[in-house]
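# Breakdown of the fold
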Amino acid sequence: MTVGEALAAGTRRVGRREAALLLQHAARRSALELVTRLDAAVPPRSVGRFLRGLDRRAAGEPLQYVLGEWEFWSLPLRVDRRALVPRPETELLVEEALRLAPGLPKRPVLVDMGTGSGCLAVVLARELPAARILAVDLSAPALDLARANARRHGTGRRITFLRGDLFAALPAGVAADLILSNPPYVPSGELAAARELAAEPALALDGGPDGLALLRRLAREAVDRLVPGGYLLLEVGDGQAERVCRLLAQGGWEEVGTVGDLAGTPRVVRGRRPGSGAGWPG
Ligand code: GLN
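Residues numbered from 1 in each chain as written. Predicted model: local features only at pLDDT ≥ 70, side-chain atom pairs only at ≥ 80, totals over all residues. Heavy atoms only, no water.

### Structural notes on the nonpolar core
- The biggest cluster of nonpolar side chains holds 35 residues, and the ones touching the most others in it are F167, L170, I179 and L232.
- When contributions to this core are tallied by element, the ones reaching two or more residues are β3 (109-113), β4 (132-137), β6 (176-181), α10 (213-221), β7 (226-235) and α11 (241-250).
- In terms of residues, this core owes the most to one element, α11, which gives 4 residues.
- Not counting the four nearest positions on each side in its chain, I179 is found in contact with V111, F167, A222, R225, L226, Y231, L232 and L233.
- Formed by 33 residues, the second largest nonpolar core is a distinct cluster that contains F72, L92, A150 and L233. (Core = buried A, V, L, I, M, F, W, Y, C linked by side-chain atoms within 4.5 Å. Buried < 20%, exposed > 50% of the residue type's maximum accessible area, 1.4 Å probe, protein only. Helix = DSSP H or I, 4+ residues; strand = E, 2+ residues; numbered from the N terminus. Contact = heavy atoms within 4.5 Å.)

In C-alpha cells:
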C-alpha cells in the first residue's frame, strides 16, 4: 500500500485531516514526509498500525486516545482512557494562574484538584519553576498517567501526586496560595446522552444532577486549605458561571469574577479567600 492509497482509504472513513494524522502516527513520519512521497510504499507494520487506528477512530474513540498523545499549552502529553483528554478551554486556567503568579509568594504552593492527565500540574510546574505543586485525583490510574507526564517533562520532583477525595488527600497543615481545578461538571443526564464523551472516564465528567456537585464542594471546602488572600480558580461548563459566582459570593469569597474564552463565554470562575489587604493585580 502506498502513502497515497493509505490516505485515500483513511479519508473515506475519517476525513482527510484525521487520516493524515493517523498515518503520520502509524508510520512515524511528518506530514511533509508523507505528502512529498505519495508513491512510496508504507511498511506493512505501519499499515497494520494505521488500519487498527482507523478502526478505533471510526468506532468513535477520540482521536487523541488513538494517537496516544495530545498537546496542551504546546506541551505534548500522553493521553489515554485513564483520564480526560486535555481541552483548549482548560488553558484559560493556566492563563489566569500565570496572570496571578506575580502577586503570589516567591515559592508558591499550588494545588491542582482533580489532575487527570496532569496537564495543569505539569504545565504550571514548567511555567513557574519555583512553585511546589500538589496534584490530587481520586483515580489511581489517572495518577499513574499524570506521573508519567510529569516525568516526561522533567517536573516529577516538583509535583507531589496524592490520591483521595478532594481535600482529604492533602496532608494536614498544607495551606495553598492558589488552588485550581477542572472538576467534573457535566450534568449526569447530559453525560448519559453525549456519545462524544462516552469513551472518557465518567468520574472526570459527571457533575451530578445539575453538574454542580463538585463545584459546590470545592466552593465550600477550598477556603480552609488556602492562605488568607489565596485564590481559587475553577473551570465551569458553558452556562454555569453565574451560578458558581453566586455560590462563591454566598460562601463569603471575595473578588469573585469570571474569565472568558475567545468567544467571550465565561469558563473560569475566580474567588479569593478574605484576609489579605493586598489589591487585585492587573
Ligand atoms: N469540557 C468538557 C466537556 O464539556 C467537560 C470537562 C469537565 O467536566 N471538567 O466536554
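Structure shown, so let's carry the discussion forward.
### Overview of unusual backbone geometry
- With a phi angle near 55°, W73 is a residue other than glycine that sits in the positive phi range.
- Here the phi dihedral of E255 falls at roughly 50°; this positive angle occurs in a residue that is not glycine.
- Summarising the element assignment, E255 is placed in strand β8 (residues 254-260).

### A word on the pairing of β6
- Summarising burial for β6: 6 of the 6 residues are buried, a large majority.
- Here β3 pairs with β6 via 3 bridges, running parallel. Opposite L110, over in β6, you have L178 as the bridge partner. (Pairing = 2+ DSSP bridges.)

### So, the packing of helix α1 (residues 3-14) against helix α4 (residues 44-58)
- Axis separation between α1 and α4 bottoms out at 10 Å; the angle between their running directions is 10°. If you check the angle between α1 and α4, you find them roughly parallel. Facing A6, G10, R13 and V14 of α1, the residues of α4 in contact are F50, L54, D55, R57 and A58.
- A per-class count over the contact of α1 with α4 returns 5 nonpolar, 1 polar and 3 charged. (Axes fitted to C-alpha atoms, helices over the stretch in contact; angles between N-to-C directions. Parallel < 35°, antiparallel > 145°, perpendicular 65-115°, else oblique. Nonpolar A, V, L, I, M, F, W, Y, C, P; charged D, E, K, R; others polar.)

### So, the sheet that holds strand β5 (residues 159-163)
- Strand order in the open sheet formed by 7 strands is β5-β4-β3-β6-β7-β9-β8, with mixed pairing between adjacent strands. This sheet does not close on itself; its edge strands, each paired only once, are β5 and β8. Taken pair by pair, the neighbouring strands of this sheet meet at an average axis angle of 15°, ignoring direction.
- In the sheet, β7 pairs with strand β9 (residues 266-272) via 5 bridges, with the strands oriented antiparallel. Bridging from a neighbouring strand, L232 pairs with G271 of β9.
- Lying over the sheet, helix α8 (residues 140-152) contacts β4 and β5, oriented at roughly 170° with respect to β5.
- Here α11 sits on the sheet and contacts β7, β8 and β9; the angle it forms with β9, its principal contact strand, is near 5°.

### Some thoughts on the site of the ligand
- Around the ligand sit L84, R87, E89, N182, P183, P184, Y185, V186, L197, A204 and L205, and those are all the residues in its vicinity.
- Note that a nitrogen atom of the ligand is positioned 2.6 Å from one of the backbone N or O atoms of P183.
- Y185 is positioned such that a nitrogen or oxygen atom in its side chain is 3.0 Å from a nitrogen atom of the ligand.
- For the ligand, whose accessible area on its own is 300 Å², the fraction buried by protein is 86%.
- Taken together, the residues that form the shell around the ligand break down as 8 nonpolar, 1 polar and 2 charged. (Near = heavy atom within 4 Å. Polar contact = N/O pair within 3.5 Å; in protein donor to acceptor, adjacent residues only side chain to side chain. Areas by Shrake-Rupley, 256 points an atom, 1.4 Å probe, with all protein chains shown as cover.)

### Some details on the side chain of N149
- Mapped onto the elements of the fold, N149 is located in helix α8.
- Overall, N149 belongs to the buried group, its relative accessible area being 0%.
- In contact with N149, not counting residues within four places along its chain, are L77, R78, S117 and V122.

### A word on helix α7 (residues 119-127)
- Within α7, 7 of the 9 residues are buried, which leaves the element mostly enclosed by the surrounding structure.
- Within α7 the residues assigned to the buried category are C119, L120, A121, V122, V123, L124 and A125.

### A closer look at the environment of V259
- Among the secondary structure elements, V259 is positioned in strand β8.
- We classify V259 as buried; its relative accessible area is 15%.
- When residues no more than four places from it in sequence are discounted, the contact partners of V259 are L92, E96, T265, P266, R267, V268 and R270.

The quantities given are spatial measurements derived from coordinates; they are silent on function.
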